[in-house]
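Each chain, written out:
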Amino acid sequence: MSELRPHPCYARHNLSAQTFKLAALEELGELGFSHPLLITQDKCIIDGYARWELAKRKGRPTLPCVEYDLPVQEALKWLIQTHRTSQGLSDFIRVELALDLEPYFQEKAVLNQQAGGRGKG
């Protein structure tokens, strides 16, 4: 538990689990902790913020996790995709997080343009 941390963009925008999600998880008791958190190799949480926050409040020493080998930008893409409106993050917040990916996509576009130009002529 102590090694886990929110994604840097999630922290930068001061996001946290919504109260209604925490209350719903708390009603489930131990069953609320049955689904594993999705994390990166450097212990950055992609999915499961409400379970993580509730576990911290309850003083749980561990949580089940599934670890993925993803760079920070790819982890942010996963975070945005897994937190659709029905799962808690509003469209505005998802757009705000997606804007943090703009430099990543600009760099990727330049590399694609350079790669495409190498085969010409």
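Structure: above.
Because the structure is a prediction, the values reported are computed rather than measured.

Participant: So what exactly am I meant to see when it comes to unusual backbone geometry here?
Facilitator: Note on backbone geometry: most residues besides glycine have negative phi, and most peptide bonds are trans. Of note, the phi angle at Lys-43 is positive, near 70°, even though the residue is not glycine. On the secondary structure map, Lys-43 appears in the loop between strand E2 (37-40) and strand E3 (44-47).

Participant: Hey, could you run me through the pattern of salt bridges in this one?
Facilitator: Within the structure shown, the criterion is met by 5 salt bridges. Ionic pairing is found between Glu-67 and Lys-43, a salt bridge with its closest N-O pair at 3.0 Å. Of this pair, Glu-67 sits in strand E4 (residues 65-68) while Lys-43 sits in the loop between E2 and E3; the two residues are 24 residues apart in sequence, bridging distant segments of the chain. Of the residues examined, Lys-43 reaches a relative accessible area of 23% and is grouped as partly exposed. Lys-77 is the partner of Glu-74 in a salt bridge, and the nearest nitrogen-oxygen pair spans 3.3 Å. Here Lys-77 and Glu-74 lie together in helix H4 (residues 72-82), a separation of 3 residues that amounts to about one turn. Each member of the pair, Glu-74 as well as Lys-77, carries the same accessibility label: buried.

Participant: Help me understand the state of the cysteines, please; the structure alone is not making it clear to me.
Facilitator: Covalent bonding between the sulfur atoms of two cysteines defines a disulfide. All told, the structure shown has 0 disulfides when counted by the stated rule. With no disulfide of its own, Cys-9 has Cys-44 as its nearest cysteine by sulfur position, at a separation of 8.9 Å. Cys-65 carries a free sulfur, and the closest cysteine sulfur to it, the one in Cys-44, is 12 Å from it. Cys-65 gets classed as partly exposed once you look at its relative accessible area, which sits at 34%.

Cut-offs applied
Residues numbered from 1 in each chain as written. Predicted model: local features only at pLDDT ≥ 70, side-chain atom pairs only at ≥ 80, totals over all residues. Heavy atoms only, no water. Helix = DSSP H or I, 4+ residues; strand = E, 2+ residues; numbered from the N terminus. Salt bridge = Lys/Arg side-chain N within 4 Å of Asp/Glu carboxyl O. Buried < 20%, exposed > 50% of the residue type's maximum accessible area, 1.4 Å probe, protein only. Disulfide = S-S within 2.5 Å.

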